[in-house]
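# Close look at the chain arrangement
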Amino acid sequence: MGQVALVGEKLSCRRGLRELFSGLDVRGASGRALVVTGPNGVGKSSLLRILAGLMDASAGTIRLDGAAGDAPLREEIHYLGHEDAVKGALSTAANLDFWRRVLGANGLPVEAALDEVGLGGLGRLRGAVLSAGQKRRLAIARLLVSRRRVWILDEPTTALDTAAQARFCGFVRAHLSGGGIVVAATHAPLDFGPADELRLGRPA
């Protein structure tokens, strides 16, 4: 991956009659994590969803600087939100294979990705019987089966134990060392390696 940056300029967001933030500039550079912090209710999740193209900003623009080719920005982004998006009726492997086909099968094979997140040998289990931590690890495996330049992560280590958190941080550091971009909101102190902080203000 070359040197690129996810840039948001003069972003504003309203929720109902309330303005969460206004005129916000955001820059997530390749090789460094941008950690979004601040108390509950200041718009961290809304900002990440705007950057991921899942909701519209009230004002402002978003672009990817330095990227070769003309692929839409949404095809460069992995978004990992609060929901694990695990279908209970499907096996663990089938869940991951579905996302691999949807997002692009240019990363690890399904079984290799399951091994990486600590779910090796559980591919035949239905999603419904997985624990909360296992579902989260399955969601994280989506980052590994499809290579995308930008990872946007909203509280990515929810339900993970200490060992699984450390394993996840290793995935993030490897992504950054390959020139990837990470923008993450988290309340937990996580070792992502080189990182900058964007702190959103207190709610009115």
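Let me begin by describing the structure that accompanies this report. Along each chain, numbering runs from 1 in the same order as the chain's sequence is written. Reporting in this predicted model follows two pLDDT cut-offs: at least 70 for local features of residues, and 80 or more for side-chain atom pairs to be given and counted; totals over whole chains, interfaces and linings ignore these cut-offs and use all residues. To get the side-chain values, take all heavy atoms of the structure and skip hydrogens and water.

## A closer look at the side chain of H78
Think of it this way: any DSSP run of H or I at least four residues long counts as a helix, any run of E at least two long counts as a strand, and we number them from the N terminus. Position of H78 among the secondary structure elements: in strand β5 (residues 77-80). Distance and chemistry together define a polar contact, namely a pair of N or O atoms within 3.5 Å, with one atom able to donate a hydrogen and the other to accept it when in protein, and with adjacent residues in sequence counting only for side-chain atoms on both sides. Separated by 3.5 Å, the side chain of H78 and the backbone oxygen of R142 make a polar contact. Every residue pair with non-hydrogen atoms within 4.5 Å of one another is taken to be in contact. Excluding residues that lie within four positions of it along the chain, H78 makes contacts with L103, R142, L143, S146, R148, V150, W151 and I152.

## Thoughts on the nonpolar core
Only buried Ala, Val, Leu, Ile, Met, Phe, Trp, Tyr and Cys residues count toward a nonpolar core, and they belong to the same one when joined by side-chain atoms within 4.5 Å. Residue exposure (1.4 Å probe, protein chains only): buried if accessible area is under 20% of the type maximum, exposed if over 50%, otherwise partly exposed. Judged by nonpolar contacts, the single largest core of 31 residues is most densely connected at L96, I140, L153, F168, V172, V182 and F192. For this core, the elements supplying multiple residues, two or more each, are β3 (33-37), α2 (92-103), α3 (110-116), α4 (132-145), β6 (150-154), α5 (162-177) and β7 (181-185). Of the residues forming this core, the biggest block, seven residues, is contributed by α4. When near neighbours in sequence (up to four residues on either side) are disregarded, V172 contacts W151, L153, V182 and F192. The next biggest cluster of nonpolar side chains, apart from the first, holds 25 residues, and it includes L11, C13, V26 and A52.

## Observations concerning the sheet that holds β7
Within the open sheet, the five strands sit side by side as β5-β6-β7-β3-β8. Their pairing is parallel. Among the strands making up the open sheet, the edge pair consists of β5 and β8 (195-199). Within the sheet, the average angular offset between the axes of one strand and its neighbour, ignoring direction, is 15°. Sheet analysis places β3 next to β7, joined by four bridges and oriented parallel. Residue L34 lies in a different strand from β7, and its bridge partner there is V183. Note on definitions: angles span 0 to 180 degrees between N-to-C directions of axes, and those axes are lines fitted to C-alpha atoms, for helices only across the stretch in contact. Set on the sheet, α4 makes contact with β5 and β6; between it and β5 the angle comes to about 170°. Contacts from α5 reach β3, β6 and β7, with the element oriented near 150° to β6. If DSSP finds at least two bridges between two strands, the strands pair.

## Brief notes about the side chain of D84
Within the secondary structure, D84 sits in the loop between β5 and α2. Of note is the side chain of D84, whose polar atom sits 2.8 Å from the side chain of R136. When neighbours within four sequence positions are excluded, D84 is seen to be in contact with A132, K135, R136, A139 and R142.

## Focus: unusual backbone geometry
For K10, which is not glycine, the phi torsion reads 55° and is therefore positive. Within the secondary structure, K10 sits in strand β1 (residues 5-15). The backbone of A85 shows a phi angle near 55°, a positive value even though the residue is not glycine. Within the secondary structure layout, A85 lies in the loop between β5 and α2.

## Here we look at the pattern of salt bridges
Salt-bridge detection follows one rule: a side-chain nitrogen of Lys or Arg within 4 Å of a carboxyl oxygen of Asp or Glu. Taken as a whole and judged by the stated rule, the model has nine salt bridges. Of the charged contacts in the structure, one is a salt bridge between E19 and R14, with a shortest N-O distance of 3.8 Å. For R32, the salt bridge identified is with D196, shortest N-O distance 3.0 Å. Highlighted residues: R32 in the loop between β2 (18-29) and β3 and D196 in strand β8, separated in sequence by 164 residues. A relative accessible area of 33% means that R32 is categorised as partly exposed. On the accessibility criterion, D196 (37% relative accessible area) is partly exposed.

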